[in-house]
Amino acid sequence: MSSGSTLGVGSALHSFLVFQMEKSNCSRARQILDSLVSFLRKFIFRILSMGPLPNHIAFIMDGNRRYAKKLNLIDGAGHKVGFLAVTSMLKFCYELGVRNVTIYAFSIDNFKRSPEEVQSLMELMQEKIEGLIKDESIVNCYGVRVYFVGNLKLLSEPVRLAAERAMLATAKNSKAVLSICVAYTSTNEIVNAVEESVEEKWNQITVLEASGAGYGLIKLGGIEHHESEPLIKLVDIEKHMYMAVAPDPDIIIRTSGEARLSNFLLWQSAFCYLYSPSVLWPEIGLRHFLWAILNFQRHHSYLNKKGEQLQHLLQDGF
Ligand SMILES: CC(C)=CCC/C(C)=C/CC/C(C)=C/COP(=O)(O)OP(=O)(O)O
């Protein structure tokens, strides 16, 4: 049976059962519907896993406020529904076997929004982060280690402390990794990594022979080093990236039809497949997720070849 006809049979059964549920308000029908949907999803994932699977998917959750406006909801409601979409996407990723997921939850630029909106987003963030620590949370169910990624000093103390508690509480989970980018922009990440790399090198330097213009001959970590050799290599900067906790993403999904990265994972996305469905973030569903995976599989050999070329450059010491 093709996955198209599976979906067709699935949606007919879905409509039938929803009709039955509305008629008899029967919770048994809901249970059957949920099990059926879950069975079909797992069946489709089985088929997909015969092809190459992404190791890392990143999400830009665009369109939460527009969703609230579209449905005449109160301010902030779009972000709350948006969190439900986060949970579904995480579930799909982990069921399919994607080991790394990253979400862009709050950029440094988002601090420029009205104080009321920033406050309400921070409260939502704190509530959801505290939820992650609970035993029955999605991250504990799937054995996911959580990292908060970004300039965490910019967060209010209660949110920062909640983030630190969640990182500690999930530190022993080892099946997958969830990176939550907060107070994050790529440019800030790169500047910070360069600064830390320079500081690290600086602390290891002993000058042996000063030359007129440059630094001449130095000892770096006990090894002689001449100024003609680069002092800071790509690998040094990579080591200090906030996102060093995960491999580079294979797919970035940005909702609301925008095909821009908006200062998200710029360093890490050189050979990444970008998928931008036109739906708003709270509307994202299984079909968009499946389409992203299928397109990734279609482009896989080209992206893989390019990624391998970059790895060779890194190994050659650039
Ligand atoms: C702990 C955790 C993972 C929490 C996540 C909560 C969540 C859904 C945050 C979304 C934040 C955000 C600024 C989304 C962009 O939509 P937008 O507000 O820019 O909407 P617009 O594009 O319609 O203006």
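Further up the page is the structure itself.
Everything numeric in this text was worked out from a predicted model, so none of it was measured. (Residues numbered from 1 in each chain as written. Predicted model: local features only at pLDDT ≥ 70, side-chain atom pairs only at ≥ 80, totals over all residues. Heavy atoms only, no water.)

Q: Describe the site of the ligand, with residues and values.
A: In the region of the ligand, 17 residues are neighbours, and Asp-62, Arg-65, Arg-66, His-79 and Arg-113 sit closest. In this structure, an oxygen atom belonging to the ligand sits 3.4 Å away from a main-chain N or O atom of Met-61. Interatomic distance of 2.8 Å between a side-chain N/O atom of Arg-66 and an oxygen atom of the ligand. Against a free-state accessible area of 630 Å², the protein chains account for coverage of 94% of the ligand. Structurally, the ligand is housed in the largest pocket. Residue assignment for the shell around the ligand shows that the elements contributing at least two residues are helix H3 (64–70), helix H4 (77–96), strand E2 (100–107) and helix H5 (115–133). (Near = heavy atom within 4 Å. Polar contact = N/O pair within 3.5 Å; in protein donor to acceptor, adjacent residues only side chain to side chain. Areas by Shrake-Rupley, 256 points an atom, 1.4 Å probe, with all protein chains shown as cover. 1 Å grid on protein atoms, 1.4 Å probe; cavity = no way out; pocket = protein on both sides within 12 Å on 5 of 7 lines; lining within 4 Å. Sits in = over half its atoms within 2 Å of the grid points. Helix = DSSP H or I, 4+ residues; strand = E, 2+ residues; numbered from the N terminus.)

Q: Tell me what's going on with the sheet that holds strand E8 (residues 251–254), and back it up with residues and numbers.
A: Where strands meet in a sheet, backbone hydrogen bonds hold them as pairs that are either parallel or antiparallel. Spatially, the six strands line up as an open sheet ordered E3-E4-E2-E1-E8-E9, and their pairing is parallel. Two strands bound the open sheet, and with one partner strand each, they are strand E3 (144–149) and strand E9 (273–275). Shown here is a sheet whose adjacent strand axes are inclined to one another by a mean of 20°, direction ignored. (Pairing = 2+ DSSP bridges. Axes fitted to C-alpha atoms, helices over the stretch in contact; angles between N-to-C directions.)

Q: Give me the lowdown on helix H2 (residues 27–48), citing residues and values where you can.
A: For H2, spanning 22 residues, the distance from its first C-alpha to its last is 32 Å, which sits close to the expected 32 Å at 1.5 Å a residue. If you check which residues of H2 are buried, you get Ala-29, Leu-33, Ser-38, Arg-41, Ile-44, Phe-45 and Leu-48. Angularly, the buried residues of H2 cover 165° about the axis, an arc narrow enough to put them on a single face. Opposite the buried face of H2, by more than 90 degrees, sit the exposed residues Arg-28, Phe-39 and Arg-46. (Expected span 1.5 Å × (residues − 1). Buried < 20%, exposed > 50% of the residue type's maximum accessible area, 1.4 Å probe, protein only. Arc of directions from axis to C-beta.)

Q: Could you give me a rundown of the layout of surface pockets, with the residues and numbers involved?
A: By volume, the largest pocket amounts to about 860 Å³. Around the largest pocket sit 39 residues that line it, and Met-61, Asn-64, Tyr-104, Ala-105 and Phe-106 are the ones nearest its centre. Of all the secondary-structure elements, those providing two or more residues to the lining of the largest pocket are H3, H4, E2, H5 and strand E4 (176–184). The biggest single contributor to the lining of the largest pocket is H5, with eight residues. Split into classes, the residues belonging to the lining of the largest pocket amount to 19 nonpolar, 10 polar and 10 charged. (Points joined across faces, edges and corners; volume = space filled by probe spheres on them. Nonpolar A, V, L, I, M, F, W, Y, C, P; charged D, E, K, R; others polar.)

Q: Break down the environment of Trp-267 for me, citing the residues and quoting the values.
A: Positionally, Trp-267 belongs in the loop between E8 and E9. Classification of Trp-267 as partly exposed rests on a relative accessible area of 27%. As a C-alpha pair, Trp-267 and Glu-238 span 29 residues in sequence and 9.0 Å in three-dimensional space. Discounting residues that sit within four places of it in the chain, Trp-267 has contacts with Ser-186, Ile-190, Leu-234, Ile-237, Glu-238 and Met-241. For Trp-267, the side chain forms a polar contact with the side chain of Glu-238, separated by 2.7 Å. (Contact = heavy atoms within 4.5 Å.)

Q: Quick rundown of a nonpolar patch on the surface? Include the residues and the values.
A: Residues Phe-39, Phe-43 and Ile-47 make up a contiguous nonpolar surface patch of roughly 280 Å² in combined accessible area. Position of Phe-43 relative to the elements: it lies in helix H2. (Patch = residues over 30% accessible without salt bridge, like charges linked within 9 Å, V, L, I, M, F, W, Y side chains within 5 Å. Salt bridge = Lys/Arg side-chain N within 4 Å of Asp/Glu carboxyl O.)

Q: Kindly report on the packing of H2 against H4, identifying the contributing residues and their values.
A: H4 packs onto H2 with a crossing angle of 50° between their chain directions and a minimal axis gap of 10 Å. With respect to H4, the element H2 is oriented oblique. At the point where H2 passes H4, the crossing takes the right-handed sense. Along its contact with H2, which presents Arg-41, Lys-42, Phe-45 and Leu-48, the element H4 presents Lys-91, Phe-92, Glu-95 and Leu-96. Here the contact of H2 with H4 is composed, by residue class, of four nonpolar, no polar and four charged. (Parallel < 35°, antiparallel > 145°, perpendicular 65-115°, else oblique. Left-handed = near helix turned anticlockwise from the far one by under 90°.)

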